[in-house]
Amino acid sequence: MRWVAKAAVQKLIGLLPDPERWNYVLQRHVMKSLPRGDSVFVWKLATTVRHLETVRDLDPEADVSSLAFFEFGAGWDLTGPLAFSALGVTDQTLVDVRRNVRLGLVNDALVRVPPLLRKLGHEPTRDLGNAPIASVDELQERTGIKYIAPADARATGFPDGTFDVITSTVTLEHVPRGQIAEILHESARILRPGGLFSAVIDMQDHYSYFDSRISVYNFLRYEDRTWGWIDSNVHHQNRLRASDYLALGADSRFDLVLDKRVELRSEDFAALARTPLATRFRQYERTDLAARGMRVVFRKPVS
């Protein structure tokens, strides 16, 4: 199967020194998936807009230009943070466990973000400029983005109550469960009382994007030991379901304010029914197991 070949390559890359660099080479020069195509780029922008809409829905008086934002897992091209900046956010701190940002992709995003936001019906309120940047350090003065890497979202070193909003976009599904618990505890510490943690999580088998012959539930068939042999540390998929993320938020003493899942279709349940489930997944309710993605927003209690 095609996905098995890709999994094997990524498993091998994970064993190399500086695996993220080699994964970038694979994605850009072999898979040709970077820079992102317009459809993926627009999806990322739309997701970013939903983070902001959530903030405004929960606090109609909120002025995003006065709020401090924090994001972990910023990625290679900073599409989401650049969109935040174009839409009025002036104070952003981004962290990555490795220095993943690539200037060529950031400069590509700088040019593409404003017109594609307009295509989505959102007029930028801030001019990002078209001139390429020569270093990531230029971003802070130009866009309000401070990029810190390597940095650990489980132990940021920031003072208590530093940030108003923490965002995570298709990152948590790549983080082991124990580390998510640590990230959420740290997030609760660095958020101000009443602050928001907004996450978009993709709970589908990511290899199904590459190989249409497998379903989005394919990875649920493997026992943990077998999946451990397949899974790669450069493309880890934790296979957590929606209820797992909600439980982790509750354990960190967050209040749940939004649990919105991708609408399920009859064909989703049919695909799930055709998938023999590994032991650990047989305890889940069917709708929980079938969830392909979710938006979840937690709020830090005021007292």
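That block above? That's the structure.
Trainee: Describe the nonpolar core, and please don't skip the residues or the numbers.
Mentor: Judged by nonpolar contacts, the single largest core of 36 residues is most densely connected at Leu78, Leu82, Val113, Leu117, Leu139 and Tyr147. Contributions of two or more residues to this core are made by helix H3 (38-58), helix H4 (79-86), helix H5 (103-119) and strand S3 (145-148). Here Leu82 is in contact with Asp77, Val106, Ala109, Leu110, Val113, Leu128, Leu139, Thr143 and Ile145, once residues within four sequence places are set aside. Core analysis: the next-biggest nonpolar cluster, separate from the first, contains 30 residues, Phe72, Ile166, Ile201 and Met203 among them.

Trainee: Tell me about unusual backbone geometry, residues and numbers included.
Mentor: Omega for the peptide link from Leu34 to Pro35 comes to -10 degrees, which places this bond in the cis form. Turning to its location among the elements, Pro35 is positioned in the loop between helix H2 (19-30) and H3. Positive phi, normally seen in glycine, also occurs at Asp18, with a value near 55 degrees. Looking at the element boundaries, Asp18 is found in the loop between helix H1 (2-13) and H2. Overall, the relative accessible area of 45% leaves Asp18 in the partly exposed class. A positive phi angle is found at Arg239, which is not glycine, with a value near 65 degrees. For Arg239, the position within the fold is in the loop between helix H9 (224-230) and helix H10 (242-251).

Trainee: Describe the environment of Lys119, and please don't skip the residues or the numbers.
Mentor: Along the polypeptide, Lys119 turns up in helix H5. Given a relative accessible area of 65%, Lys119 falls into the exposed group. In the structure, Lys119 is positioned 126 residues away from Tyr245 in sequence and 33 Å away in space, judged by C-alpha atoms.

Trainee: An account of the side chain of Thr171 is needed here, citing residue identities and associated values.
Mentor: Along the polypeptide, Thr171 turns up in the loop between strand S4 (163-169) and helix H7 (177-190). Setting aside its immediate chain neighbours within four residues, Thr171 contacts Phe72, Gly73 and Val200.

Trainee: Give a description of H5 that names residues and reports values.
Mentor: Think of an α-helix as turning once every 3.6 residues; residues three or four places apart then point the same way. Over its 17 residues, H5 extends 25 Å from the first C-alpha to the last, a length consistent with the 24 Å expected when each residue adds 1.5 Å. At Val113, H5 is bent by approximately 35 degrees, the largest bend along its length, and proline Pro114 sits one to four residues beyond. Among the residues of H5, those classed as buried are Leu105, Val106, Asn107, Ala109, Leu110, Arg112, Val113, Pro114, Leu116 and Leu117. Buried residues in H5 make contact with H2, H3, H4 and helix H6 (138-143).

Trainee: Can you break down the pattern of salt bridges residue by residue, with the values?
Mentor: Two side chains carrying opposite charge are able to pair once their charged atoms lie near each other. Under the criterion given, the structure shown has 19 salt bridges. Ionic pairing is found between Asp224 and Arg280, a salt bridge with its closest N-O pair at 3.1 Å. With Asp224 in helix H9 and Arg280 in the loop between helix H11 (266-273) and helix H12 (286-290), this residue pair connects regions lying 56 residues apart in the sequence. By relative accessible area, which is 44% here, Asp224 ends up partly exposed. Judged by relative accessible area, which is 24%, Arg280 ranks as partly exposed.

Trainee: Outline the packing of aromatic side chains, supporting the account with residue identities and numerical values.
Mentor: For the structure shown, the criterion picks out 14 aromatic pairs. Consider the rings of Phe254 and Phe298, whose centres lie 5.6 Å apart with planes at 20 degrees: the pair is stacked. One end of the pair, Phe254, is in the loop between H10 and strand S6 (255-261); the other, Phe298, is in strand S7 (residues 293-299), and 44 residues separate them in sequence. An aromatic cluster of at least three residues, connected via ring pairs, comprises Trp3, Tyr207, Phe219, Tyr222 and Trp227. Between Arg2 and the ring centre of Phe210, over which it is positioned, the NZ or CZ distance is 4.6 Å.

Trainee: So what's going on with the environment of Arg154? Which residues, and what values?
Mentor: Checked against the element boundaries, Arg154 lands in the loop between S3 and S4. The class of Arg154 is partly exposed, set by a relative accessible area of 32%. The spacing of Arg154 and His185 is 31 residues in sequence and 7.8 Å in space, taken between C-alpha atoms. If we ignore the near neighbours within four places in the chain, the residues touching Arg154 are Gln179, Glu182, Ile183 and Glu186.

Reading the values: the criteria
- Residues numbered from 1 in each chain as written.
- Predicted model: local features only at pLDDT ≥ 70, side-chain atom pairs only at ≥ 80, totals over all residues.
- Heavy atoms only, no water.
- Core = buried A, V, L, I, M, F, W, Y, C linked by side-chain atoms within 4.5 Å.
- Buried < 20%, exposed > 50% of the residue type's maximum accessible area, 1.4 Å probe, protein only.
- Helix = DSSP H or I, 4+ residues; strand = E, 2+ residues; numbered from the N terminus.
- Contact = heavy atoms within 4.5 Å.
- Expected span 1.5 Å × (residues − 1).
- Bend = angle between axes of the 7 residues up to and from the residue.
- Salt bridge = Lys/Arg side-chain N within 4 Å of Asp/Glu carboxyl O.
- Phe/Tyr/Trp six-rings, centres within 6.5 Å; stacked < 30°, edge-to-face > 60°.
- Lys NZ or Arg CZ within 6 Å of the ring centre and 35° of its normal.

Honestly, it's all geometry; don't read function into it.
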